[in-house]
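Summary of structural features
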Amino acid sequence: MARSREREREREMPLGERGGWESSESMYCGVETDFSDDVPSLLSFHISTGGFDYVLAPLMNPSYRPSSVEGNGSETQVLPVSGSDLVLAPSQWSSHVVGKVSSWIDLDSEDEVLRMDSEATLKQDIAWATHLSLQACLLPTPKGTSCANYARCVNQILQGLGNLQVLWLRVPLVKSDGDSMDATTEVLNDSWELWNSFRLLCEHDSKLSVALDVMSNLPSESSLGRWMGESVRAAIISTDSFLTNARGYPCLSKRHQKLIAGFFDHAVQVVVSGKLVHNLQRASDSNAEGTQRHPLRSYLDYVAYLFQKMEPLPEQERIELGYRDFLQAPLQPLMDNLEAQTYETFERDSIKYIQYQRAVAKALVDRVPDEKASELTTVLMVVGAGRGPLVRASLQAAEETDRKLKVYAVEKNPNAVVTLHNLVKMEGWEGMVTIISCDMRFWTAPEKADILVSELLGSFGDNELSPECLDGAQRFLKPDGISIPSSYTSFIQPVTASKLYNDVKAHKDLAHFETPYVVKLHSVARLAPSQPVFTFAHPNFSTKANNQRYKKLRFNLPSDAGSALVHGFAGYFDSVLYKDVHLGIEPTTETPNMFSWFPIFFPLRKPVEVHPNSPFEVHFWRCCGSTKVWYEWSVSSPAPSPMHNTNGRSHWVGL
């Protein structure tokens, strides 16, 4: 055993290290095995010889039934588990074994003896797994359409599990075209319904995850997409699901390959299950040491090949890995002064400033014809100048178009003003740039501007009070003046986001469910195309100008998707800087390679189950008070939800 442990340490991870990934981010691949009372040999064969990372193995002899030993000297009986805990080191149990709860159990059986045996065995299996410090245990698929007692017992177990342990519920990946459950045959038409019932009965416990049995036939793309927002931890692929390539080796269909790549991207582990079904009689069936090659090695090699051929993550995506599905409170730019680190992050976003420079250049050319370029000077005001990136972009636009420019840089943060003064001095801009240390809403300008430039947009467009700021600043814009941006629109779409919901729920209070978060969305399923919510245009010289807004939206799920659970809404924005120059993060029109804004997430206090054949109606309000602006939101169909954030009681943006 000592030698096999040594080889194990030397062995490279079977799925290799994906280009551009840290070794710690490489993926693991397991193998499903039968019961064995010789666990060291089991590990030696599947891990040292086979190259798998771990085994998915039954913990209890499958023939064991508690009722058969009761009253038969049961006090002296030993549980028929897979050997003593001492046969492996604790680190090997936790790293190389995922426990498999007895697959015969049926906790919702009409047969009381079977039901009681099942309850006892489930608890004994999990207790043994906990004793061994296993990180995960696989629960068998519920046997029928009802799983209430099974879920009740699992929920009891979940209450006592440590934070390092998770339970995987085995669910077949099926979705037919019929209704979710056929009442006459009890055939499961949509396994998501089964998972949803179970997780709702278990109160969305974050320690309960899914292990999907991937079949040879896959549901539609829309149906598969739902699972990307669920807490899927493993994909169990049967050898029966593999096709055969021209050389006789196992391979997967294009749709299966795409699905597995998606799973890899969501840190879902792959488990190979079943017997050898490809007849591979090759000289290479024995390895260099002359020992028999593992019968499932060719399947593992193919899974590793799929992993290694994935595109490396772009550098920016790698930088943002730590932000994936991490909830952050939005900025309060009017109430708080930004820190140097925040400015630096925004200033690194070169794409954004290239777009601003294009917009200013077009506005300058429209404002001043070529024949007047040498005599007319355009007055441009940068409101919210920060540390000067928009000042630089505007001056570069003037140089590029050969136009004369006079710039006022207005900034309320005295710390950023220090940097601005140094920048102007260093670049020799003293004759062109005047720095104003003042809140734009209260500054009295010495002259009117031709162009007003700002970058006050938040992830939801108006959520950092761009409308209020620009309303205050437009009084020093000429009647025919240009605002850059000239308009912006917010968008929302319903999402399944199990992880985000559990992270909000962990706070155990109402306030966190009524707070919009900035988050780099990753483990989410976007259930319907996004729709526009609120639009603001600048300048707005109307005497009836009002920044309050209300919008009712109706979403429809794709007909082949199946039902889904909405945990909240992803929010985005798109802005027109000037004419055809735009900037935005709405997924269908987003500006490529821009990272200044992550989407916003509006949670729902109680997730809503939606169905393809019934509309999903949502209401959003933007409310304005004398000292703050806030959002309220609710669902009205398929069932009414409570109103969220009434009177801005949990979250607001201060004026």
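Residues numbered from 1 in each chain as written. Predicted model: local features only at pLDDT ≥ 70, side-chain atom pairs only at ≥ 80, totals over all residues. Heavy atoms only, no water.

- Going by what an unreviewed UniProt entry lists, the protein is known as Protein arginine N-methyltransferase and is assigned to Brassica napus.
- UniProt annotates the protein under Sequence similarities (unreviewed entry) with the comment "Belongs to the class I-like SAM-binding methyltransferase superfamily." (UniProt positions renumbered as here; feature names shortened; annotations may be inferred.)

Section: unusual backbone geometry
- Each neighbour pair has its own omega, and for Ile-484 with Pro-485 the value is 10 degrees, a cis peptide bond.
- Take Pro-485: it is sitting in the loop between β15 (477-484) and β16 (487-496).
- Backbone torsion omega between Ser-637 and Pro-638 reads 15 degrees, so that peptide bond is classified as cis.
- Within the element layout of this structure, Pro-638 appears in the loop between β25 (628-637) and β26 (653-654).
- In this structure, Asp-325 takes a positive phi of about 55 degrees despite not being glycine.
- Relative to the assigned elements, Asp-325 resides in the loop between α11 (315-319) and α12 (340-347). (Helix = DSSP H or I, 4+ residues; strand = E, 2+ residues; numbered from the N terminus.)

Examining the sheet that holds strand β20 (residues 549-555)
- If you trace the four strands from one edge of the open sheet to the other, you get β20-β24-β25-β26, paired in antiparallel fashion. Across the chains shown, the open sheet's two edge strands, defined by having one partner strand only, are β20 and β26.
- Bridge analysis of β20 against strand β24 (residues 616-624) gives seven bridges, and the strand direction is antiparallel. Across the sheet, residue Lys-552 finds its bridge partner in β24, namely His-619. (Pairing = 2+ DSSP bridges.)

Examining the nonpolar core
- In terms of nonpolar packing, the biggest core is built from 99 residues, with Ile-484, Phe-569 and Phe-620 touching the most fellow members.
- Here this core takes eight residues from strand β21 (residues 564-578), the largest share from any one element. (Core = buried A, V, L, I, M, F, W, Y, C linked by side-chain atoms within 4.5 Å. Buried < 20%, exposed > 50% of the residue type's maximum accessible area, 1.4 Å probe, protein only.)

Describing the sheet that holds strand β14 (residues 449-454)
- Across the sheet, five strands lie side by side as β13-β12-β11-β14-β15; this open sheet has parallel pairing. Edge positions in the sheet fall to β13 (433-437) and β15, since each has one partner strand and no second. Recorded for the sheet is a direction-independent mean angle of 25 degrees between the axes of neighbouring strands.
- Inspection of the sheet shows β14 paired to β15 by four bridges, in the parallel sense. By the bridge assignment for β15, Ile-451 is matched with Ile-482.
- Sheet strands touched by helix α15 (residues 414-427): β12 (404-411) and β13. Its angle to β13, the strand with the most contacts, is close to 165 degrees. (Axes fitted to C-alpha atoms, helices over the stretch in contact; angles between N-to-C directions. Contact = heavy atoms within 4.5 Å.)

Things to note about the packing of helix α13 (residues 350-367) against helix α14 (residues 389-401)
- Closest axis-to-axis distance for the α13/α14 pair is 8 Å, and the angle between their directions is 45 degrees. With respect to their mutual orientation, α13 and α14 come out oblique. As for the relative orientation of α13 and α14, their crossing is right-handed in sense. Residues Tyr-353, Tyr-356, Gln-357, Val-360, Ala-361, Leu-364 and Val-365 of α13 pack against Pro-389, Leu-390, Ala-393, Ser-394, Gln-396, Ala-397, Ala-398, Glu-400 and Thr-401 of α14.
- Here the contact of α13 with α14 is built from residues that sort into 11 nonpolar, four polar and one charged. (Parallel < 35°, antiparallel > 145°, perpendicular 65-115°, else oblique. Left-handed = near helix turned anticlockwise from the far one by under 90°. Nonpolar A, V, L, I, M, F, W, Y, C, P; charged D, E, K, R; others polar.)

Notes on the side chain of Asp-450
- Topologically, Asp-450 is positioned in strand β14.
- On the accessibility criterion, Asp-450 (7% relative accessible area) is buried.
- Of note is the side chain of Asp-450, whose polar atom sits 3.2 Å from the side chain of Arg-367.
- A polar side-chain atom of Asp-450 sits 2.8 Å from the main-chain amide nitrogen of Val-379.
- Beyond its immediate stretch of four places on either side in the chain, Asp-450 contacts Arg-367, Thr-377, Thr-378, Val-379, Leu-477, Lys-478, Gly-481 and Ile-482. (Polar contact = N/O pair within 3.5 Å; in protein donor to acceptor, adjacent residues only side chain to side chain.)

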